[in-house]
Amino acid sequence: MKHSNISIFVPHVGCPHKCTFCDQNTISGAQHLPHGDDVREICTRALSEVRSPENTEIAFFGGSFTAIPHDYMTELLSAAHEFVGEGRFRGIRCSTRPDCITPEILFELKAAGVTAIELGAQSMDDEVLALNERGHTAQEVINACELIRAFGIELGLQMMIGLYGSTPEKEWETIRAIHALRPDTVRIYPVVVLEGTKLAELLKSGEYVPFDFDTAVDIAASAMVMFEGDGIRVIKCGLHASEFVEHDMVGGFYHPAFREICETVIYRHNMEFELKNCGHMSDTAVFAVSPSCISKAVGHGRANIEYFRERGIALKITGDESVPKYRCELRR
Ligand code: SF4
């Protein structure tokens, strides 16, 4: 059964930093700070609407949850906790910074019903972290992951692609380092430059020159294959479509269908590899893929059908349960 979240956004409040790329109000689309009664109202409504609450978590996203004032965090958690357990939701998840994780905090979160924590790692390169004013190191990410694991809480990591000072090589180091930490889930966020952020200034002054869009797609696509291939679920790739982001962005790699574009590239590369490998000469190619991936293999806006047609190959995709996700088999 598919997992889902009841997302409650807790904006920038309490975060002691201002990372170069961050404008939490724009990213979360939230201007209003939720309180305990808001949480109860959202959860009561969701409980009557959600099909399988036992596969659903109440999710506090948007800022650094464990860095918000302690009384406020307790207020939100205890309201959410009323909706966790038998016949209600599966648990609570929250996102926070690696340097805002301590044994004391984890003890408290666990007692309050928190089942998953997502850490904003963003990069595992200390120079990139410093240039983007993250205020923590890669080692602090590693330490926080170990602690979360020790408490038996599900671990999620978020990474960004194309930060100021990064290079494709540094992205690969980050992907490898995150893979080695064996998180349960990963979110991949290609950088989106928002008006009013330090990154926007750096972009306008010419100091920050992002990679081109295709490089960001290639890196994200390869990361997805690497993570998913080893059972690490990529639960997000690209910022969610939002009118706030679309209005305030001044650069970066935003596309409302970013994940679909990456999946198109994954299948295109795999199909090209198979064709080359088999010395395929015919003007028709039939590939079998997992049935749930047929549209991904066809490509976003039928991009792969078009791509191969331009190269003189009529592409046909069929479904086969035995083919793993992101793989394809040339049938004729
Ligand atoms: S730590 Fe998170 S909430 Fe705080 S400034 Fe950075 S990105 Fe924004």
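Residues numbered from 1 in each chain as written. Predicted model: local features only at pLDDT ≥ 70, side-chain atom pairs only at ≥ 80, totals over all residues. Heavy atoms only, no water.

Caption draft 1: Quick peek at the overall build of the protein. Within the protein one finds 13 helices and 12 strands. Relative to a compact globule of 332 residues, whose C-alpha radius of gyration would be 20 Å, the protein shows 21 Å and is just as compact. Taken along the three principal axes of its C-alpha coordinates, the protein extends 70 × 55 × 35 Å. Evaluated residue by residue, the protein yields a buried proportion of 51% over its 332 residues. If you take every contact in the protein between residues at least 6 apart in sequence, the share linking residues at least 24 apart comes to 79%. With an accessible surface of roughly 15,000 Å², the protein has 52% of that area assigned to carbon and sulfur atoms. Each charge sign in the protein was given a centre, from 32 positive and 47 negative side chains, and these centres are 7 Å apart. (Helix = DSSP H or I, 4+ residues; strand = E, 2+ residues; numbered from the N terminus. Rg over C-alpha atoms; globule rule 2.2 N^0.38 Å. Buried < 20%, exposed > 50% of the residue type's maximum accessible area, 1.4 Å probe, protein only. Contact = heavy atoms within 4.5 Å. Areas by Shrake-Rupley, 256 points an atom, 1.4 Å probe, with all protein chains shown as cover. Lys, Arg positive; Asp, Glu negative; His and termini not counted. Charge placed at Lys NZ, Arg CZ, Asp CG, Glu CD.)

Caption draft 2: Highlighting the domain arrangement of the protein. Segmentation of the protein into domains returns domain 1 (4–256) and domain 2 (263–330). Here domain 1 and domain 2 have C-alpha centroids that lie 33 Å from each other. At the junction of the two partners, domain 1 supplies 7 residues and domain 2 supplies 7 residues. Its largest share of buried area at the contact with domain 2, domain 1 owes to Met-224, Val-225 and Glu-228, together 57% of the area lost on that side. Our count for the domain 1 to domain 2 interface comes out at 1 salt bridge. One salt bridge connects Lys-325 with Glu-228, and the closest N-O pair in it is separated by 3.3 Å. Applying the counting criterion to the domain 1 and domain 2 interface returns 1 residue pair in polar contact (both at pLDDT 80 or more). Class assignment of the residues belonging to the side of domain 1 that touches domain 2 gives a composition of 4 nonpolar, 1 polar and 2 charged. (Domains from an automatic or database assignment. Buried area = accessible area lost by both parts, 1.4 Å probe. Salt bridge = Lys/Arg side-chain N within 4 Å of Asp/Glu carboxyl O. Polar contact = N/O pair within 3.5 Å; in protein donor to acceptor, adjacent residues only side chain to side chain. Nonpolar A, V, L, I, M, F, W, Y, C, P; charged D, E, K, R; others polar.)

Caption draft 3: Local environment of the packing of helix α9 (residues 213–229) against helix α11 (residues 258–277). For the pair α9 and α11, interaxial distance at closest approach is 9 Å and the crossing angle is 75°. As the angle between them shows, α9 and α11 are arranged roughly perpendicular. Contacts between α9 and α11 involve Phe-213, Ala-216, Val-217, Asp-218, Ala-220, Ala-221, Met-224, Val-225 and Glu-228 from the former and Phe-258, Arg-259, Ile-261, Cys-262, Glu-263, Val-265, Ile-266 and His-269 from the latter. (Axes fitted to C-alpha atoms, helices over the stretch in contact; angles between N-to-C directions. Parallel < 35°, antiparallel > 145°, perpendicular 65-115°, else oblique.)

Caption draft 4: Quick peek at the sheet that holds strand β8 (residues 233–237). Within the open sheet, the 7 strands sit side by side as β1-β2-β3-β4-β5-β6-β8. Their pairing is parallel. Here the strands that pair on one side only, and so sit at the sheet edges, are β1 (4–9) and β8. Taking the axes of each pair of neighbouring strands and ignoring which way they run, one obtains an average angle of 20° across the sheet. Strand direction decides the pairing type here: strand β3 (residues 91–96) and strand β4 (residues 114–122), joined by 5 bridges, are parallel. (Pairing = 2+ DSSP bridges.)

Caption draft 5: Structural context of the pattern of salt bridges. What the rule picks out here adds up to 24 salt bridges. The partner of Lys-170 in a salt bridge is Glu-127, and the shortest N-O contact between them spans 3.1 Å. On the criterion of sequence distance, the pair formed by Lys-170 in helix α7 (residues 168–180) and Glu-127 in helix α5 (residues 126–131) is long-range, its members being 43 residues apart. Relative accessible area serves as the criterion here: at 15%, Lys-170 is assigned to the buried category.

Caption draft 6: Seen up close, the layout of surface pockets. Estimates place the volume of the largest pocket at around 1,300 Å³. When residues of the lining of the largest pocket are assigned to domains, at least three map to each of domain 1 (4–256) and domain 2 (263–330). (1 Å grid on protein atoms, 1.4 Å probe; cavity = no way out; pocket = protein on both sides within 12 Å on 5 of 7 lines; lining within 4 Å. Points joined across faces, edges and corners; volume = space filled by probe spheres on them.)

Caption draft 7: Seen up close, the environment of Ala-314. Among the structural elements, Ala-314 can be located in strand β11 (residues 314–319). On a C-alpha basis, the gap between Ala-314 and Ser-48 in space is 48 Å, while along the polypeptide they are 266 residues apart. Among residues more than four places away in sequence, those in contact with Ala-314 are Asp-283, Thr-284 and Ala-285.

Caption draft 8: Examining the nonpolar core more closely. Ranked by internal contacts, the top residues of the largest apolar core, which has 101 residues, are Phe-60, Ile-117, Ile-188 and Phe-227. If you count residues domain by domain, this core takes at least three from each of domain 1 (4–256) and domain 2 (263–330). Non-local contacts of Ile-188, meaning those with residues more than four positions away in its chain, are made with Met-159, Ile-161, Ala-220, Ala-223, Met-224, Phe-227, Val-234, Lys-236, Cys-237 and Gly-238. (Core = buried A, V, L, I, M, F, W, Y, C linked by side-chain atoms within 4.5 Å.)

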